[in-house]
Amino acid sequence: MRLVKNLFLTTFILGTAVSLNAQHIKRCASHEYLMAQEKQTPGRLDFVKSLSNLPSKKTRGTLNIPVVVHVVYKNATENISDARINAQIAMLNACFRRKNVDTTKTRTIFKPIVGGMDIQFWLVDIKRVATTQSSFVFDFDIWGNNQADQVKEATYGSVAVQPDKKLNIWVCDLGLPSGMGELLGYAYPPPGLNNWPAGSAYPSQPLDGVVIDYLAFGGNGLNAQPLGSAYGLKGKTCVHEVGHYLGLRHIWGDDNGLCPGAGGEDDGVNDTPAQGDMSNNNCDTLQNTCMTANDMPDMIENYMDYSAETCQNSFTKQQVTMMQNVLDNFRTGIRIPTGIEMPDYSTDLAFYPNPVENTLHVYTDREDLLGADLIRLNPVGHVVYKGQIKQLGDNAIQLQGMAKGLYFAQVLLNQQSISSQKIILK
């Protein structure tokens, strides 16, 4: 039996909910998780507001994050398409890099504080696992185990793939819209963060990652219906949860109506406006829950609010700094900074013929490249082939059945790209 240290989590899951078709929907489990902690031990939400000021320990460069998506399904509807998955990865990249088209909706008052990350999420694998479970409802058993985490176990779901080195995302039925579930998604932060109460991190590393209801997973219109349209889902639930995974708190501090300086909590980020309570799944530009000196209105544009996804379009600059420092100091295994100097392998790898018809050959005589990952990407960055350099000399890759056109062959050593070559398939 899996045990966790937070036995107090057997208490009720609390939190503000909004109504949709007689179904109570909560945006993510983080708030309910913290409220249960606070009810059991008042004062646990106190923290030191310092994480965003940590210096980086690594050379800054593009942060390449490998992503494994687990699709755990009981029926064909839940077994979402590759197109939905690719659309969600594209949405993550656009939103975190601040390349999303709706940044034009950011109000003028917030434009000086918003920013993007130099980050790239790479889809490296899709795991599809059939389950006998009708849904995975976020709730706690008598031992304090989160029952929804069964989606990460071999008995009912799909086991995490190198969670210390890859961002694992599970897509499953969390009980919406007709079941007992109330959540669109949830994620655990890493341990040791000053802006989170003790005990908030993942119970064990195999349970680390992000879980999203299949109805909320997608992007650019590729979301399931009818919940997707009725609730305004545009793929930003996953953006919100990956924000938690990278250390961000809800911008109102999870204190249900109190303002910082008046007994309320904060999110540990210095440039997010003071906010006393969550937005109620709307885009109310007049909402201002903390009327203090020099205060800004509530930032409904922020991905870490509970505003409607139609108006979420920004992280602040110091939220970006916090996430970068989490990757530099707390999730060091999954970050692949291109700024780290690597040996020059350009003369030690050969790709031929090019253009190619049926078989691409990759040649190397370096023993340290044995076992290196070889991937092929289409022009928009989706992985369409995965393999390894298995021997010295010639490694043949069969291309039969691939669509003609432009591809990129990349060699990754310790998850770091060491070579990239344009390949024309004719």
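As a convention, each chain's residues are numbered from 1 in the sequence order in which they are written. Note on the predicted model: pLDDT of at least 70 is required for a residue's local features to be given, and 80 or more for side-chain atom pairs to be given and counted; whole-chain, interface and lining totals, by contrast, use all residues. Based on all heavy atoms of the structure, the side-chain values leave hydrogens and waters out of the count.

Undergrad: Just checking my understanding: could you explain the confidence of the model for the protein for this structure?
TA: Low pLDDT marks stretches whose predicted atomic positions should not be read closely. Confidence scores here are pLDDT values: one per residue, from the predictor, ranging 0 to 100. Averaged over all residues, the pLDDT of the protein equals 78, while 74% of them reach at least 70. Only heavy atoms enter the contact rule, under which two residues are in contact if any of them lie within 4.5 Å. Every residue in residues 35-42 scores below 50 in pLDDT, and together they form 21 contacts with partners more than four places removed in sequence or on other chains. Residue range residues 47-59 is modelled with pLDDT below 50. Its contacts to residues more than four positions away, or to other chains, number 41 contacts.

Undergrad: Just checking my understanding: could you explain the environment of V239 for this structure?
TA: A run of DSSP states H or I qualifies as a helix once it reaches four residues; a run of E qualifies as a strand once it reaches two. Both are numbered from the N-terminal end. Structurally, the position occupied by V239 is in helix α4 (residues 236-245). Residue V239 is classed as buried on the basis of its relative accessible area of 0%. Separated by 151 residues in the primary sequence, V239 and Q88 place their C-alpha atoms 9.0 Å from one another. Every residue in contact with V239, bar those within four places of it in the chain, is listed here: M91, L92, C95, F96, Y303 and F315. Residue exposure (1.4 Å probe, protein chains only): buried if accessible area is under 20% of the type maximum, exposed if over 50%, otherwise partly exposed.

Undergrad: Explain the sheet that holds strand β11 (residues 350-352) to me, please; I cannot follow it from the model alone.
TA: Sheet strands pair via backbone hydrogen bonds, and the direction of the pair is either parallel or antiparallel. Strands are treated as partners if at least two bridges between them are detected by DSSP. The antiparallel open sheet is built from three strands, whose spatial order is β11-β12-β15. If you trace the sheet from one side to the other, it starts and ends with β11 and β15 (393-398), each paired once. Adjacent strand axes in the sheet meet at a mean angle of 20 degrees, parallel and antiparallel pairs treated alike. Strand direction decides the pairing type here: strand β12 (residues 359-364) and β15, joined by six bridges, are antiparallel. Along β15, the bridge assignment pairs V362 with N395. Only C-alpha atoms enter the line fits that serve as axes; for helices the fit covers just the stretch in contact. Angles between N-to-C directions range over 0 to 180 degrees.

Undergrad: Is there a simple way to think about the pattern of salt bridges in this case?
TA: Where charged atoms from two side chains of opposite charge approach closely, those side chains can pair. A pair is scored as a salt bridge if a Lys or Arg side-chain nitrogen falls within 4 Å of a carboxyl oxygen belonging to Asp or Glu. Within the structure shown, the criterion is met by ten salt bridges. A salt bridge links R331 to D208; its shortest N-O distance comes to 2.6 Å. With a gap of 123 residues between them, R331 in the loop between α5 (317-329) and β10 (336-337) and D208 in the loop between β7 (185-187) and β8 (210-213) connect regions that are remote in the sequence. Judged on exposure class, the residue R331 and its partner D208 are both buried. Of the charged contacts in the structure, one is a salt bridge between K426 and E357, with a shortest N-O distance of 3.9 Å.

Undergrad: Honestly, the environment of R84 in this entry has me stumped. Any pointers?
TA: Note on placement: R84 falls in helix α2 (residues 82-96). Taking the C-alpha atoms as reference points, R84 and F217, 133 residues apart in sequence, are found 7.2 Å from one another.

Undergrad: Would you mind showing me how to read the packing of aromatic side chains here?
TA: Aromatic ring pairs are described here by two measures, namely the spacing of the ring centres and the angle between the planes. Stacked, tilted and edge-to-face are the three classes applied to pairs of Phe, Tyr and Trp rings, where Trp contributes its six-membered ring and a pair requires centres within 6.5 Å; stacked means planes under 30 degrees apart, edge-to-face means over 60, and tilted covers the rest. Tallied over the full model, the rule gives six aromatic pairs. Centroid distance F96 to F121: 5.2 Å. Interplanar angle 65 degrees. Geometry classified as edge-to-face. Taken together, the positions of F96 in helix α2 and F121 in strand β5 (residues 119-130) put the pair 25 residues apart, joining distant regions of the chain. A relative accessible area of 2% places F121 in the buried class. An aromatic cluster is defined as three or more aromatic residues linked by ring pairs; in this entry it consists of F96, F121, Y303 and F315. Its guanidinium or amino end placed over the ring of W170, K152 lies 5.2 Å from that ring's centre, counting from NZ or CZ. A ring has a charge above it when a Lys NZ or an Arg CZ is no more than 6 Å from the ring centre and no more than 35 degrees off the ring normal. Cation over ring: R331 sits above Y245, and NZ or CZ is 3.6 Å from the ring centre.

Undergrad: How should the nonpolar core be read in this particular structure?
TA: In a soluble, globular protein the nonpolar side chains are often hidden away together inside. In these notes, a set of buried Ala, Val, Leu, Ile, Met, Phe, Trp, Tyr and Cys residues joined through side-chain atoms within 4.5 Å is what counts as a nonpolar core. Judged by nonpolar contacts, the single largest core of 49 residues is most densely connected at F96, F121 and I169. Elements with a contribution of two residues or more to this core: β3 (63-73), α2, β5, β6 (167-172), β8, α4 and α5. Per-element accounting of this core gives the leading share, six residues, to α2. If near-sequence neighbours (up to four positions away) are discounted, F96 is found in contact with G116, M117, I119, F121, V239, V242, G243, L246, F315 and M323. A409, V411, I418 and I423 belong to the second largest nonpolar core, which has 18 residues in total.

Undergrad: Can you walk me through α2 in this structure?
TA: The periodicity of an α-helix, 3.6 residues per turn, causes residues three or four positions apart to be oriented the same way. Taking 1.5 Å per residue, 15 residues should reach 21 Å; α2 reaches 21 Å between its end C-alpha atoms and fits that length. Judged by how many residues are buried, α2 sits mostly within the fold: twelve of 15 residues are covered. The inward-facing, buried residues of α2 contact β3, β5, β6, α4, β9 (315-316) and α5. Between the side-chain oxygen of the N-cap and the backbone nitrogen of R84 there are 3.1 Å, and the N-cap of α2 in question is S81. A positive backbone phi angle near 55 degrees is found at R98, which sits one or two residues after α2. Residue count minus one, scaled by 1.5 Å, sets the expected span of a helix. We call two N or O atoms a polar contact when they sit within 3.5 Å, provided that within protein one can donate a hydrogen and the other can accept it, with sequence-adjacent residues counted only if both atoms are side-chain atoms.

Undergrad: I tried to follow the environment of I423 on my own but got confused; where do I start?
TA: Take I423: it is sitting in strand β17 (residues 416-425). I423 gets classed as buried once you look at its relative accessible area, which sits at 1%. Spatially, the C-alpha atoms of I423 and P355 are 6.4 Å apart, while their sequence positions differ by 68 residues. In contact with I423, not counting residues within four places along its chain, are F351, N354, V356, L360, G405, L406, Y407 and A409.

Undergrad: Would you explain the state of the cysteines in this entry?
TA: Here a disulfide denotes one covalent bond, and it connects the sulfur atoms of two cysteines. For this text, the term disulfide refers to a pair of cysteine sulfurs within 2.5 Å. This structure, assessed with the given rule, holds two disulfides. Covalent S-S linkage joins C259 and C290, the inter-sulfur distance amounting to 2.0 Å. Taking the sign of the S-S torsion, -110 degrees for the link of C259 and C290, the bridge is left-handed. Linking C259 in the loop between α4 and β9 with C290 in the loop between α4 and β9, this pair joins segments that are 31 residues apart in sequence. Since its relative accessible area comes to 14%, C259 is described here as buried. The residue that forms a disulfide with C283 is C311, at a sulfur-sulfur distance of 2.3 Å. Every disulfide takes its handedness from the sign of the S-S torsion; for C283 and C311 that torsion is -95 degrees, giving left-handed. Taken as a pair, C283 in the loop between α4 and β9 and C311 in the loop between α4 and β9 lie far apart in primary sequence, 28 residues in all. Using a relative accessible area of 34% as the deciding quantity, one classes C283 as partly exposed. The class of C311 is buried, set by a relative accessible area of 10%. No disulfide involves C95; its sulfur sits 9.8 Å from the nearest other cysteine sulfur, which is in C238.

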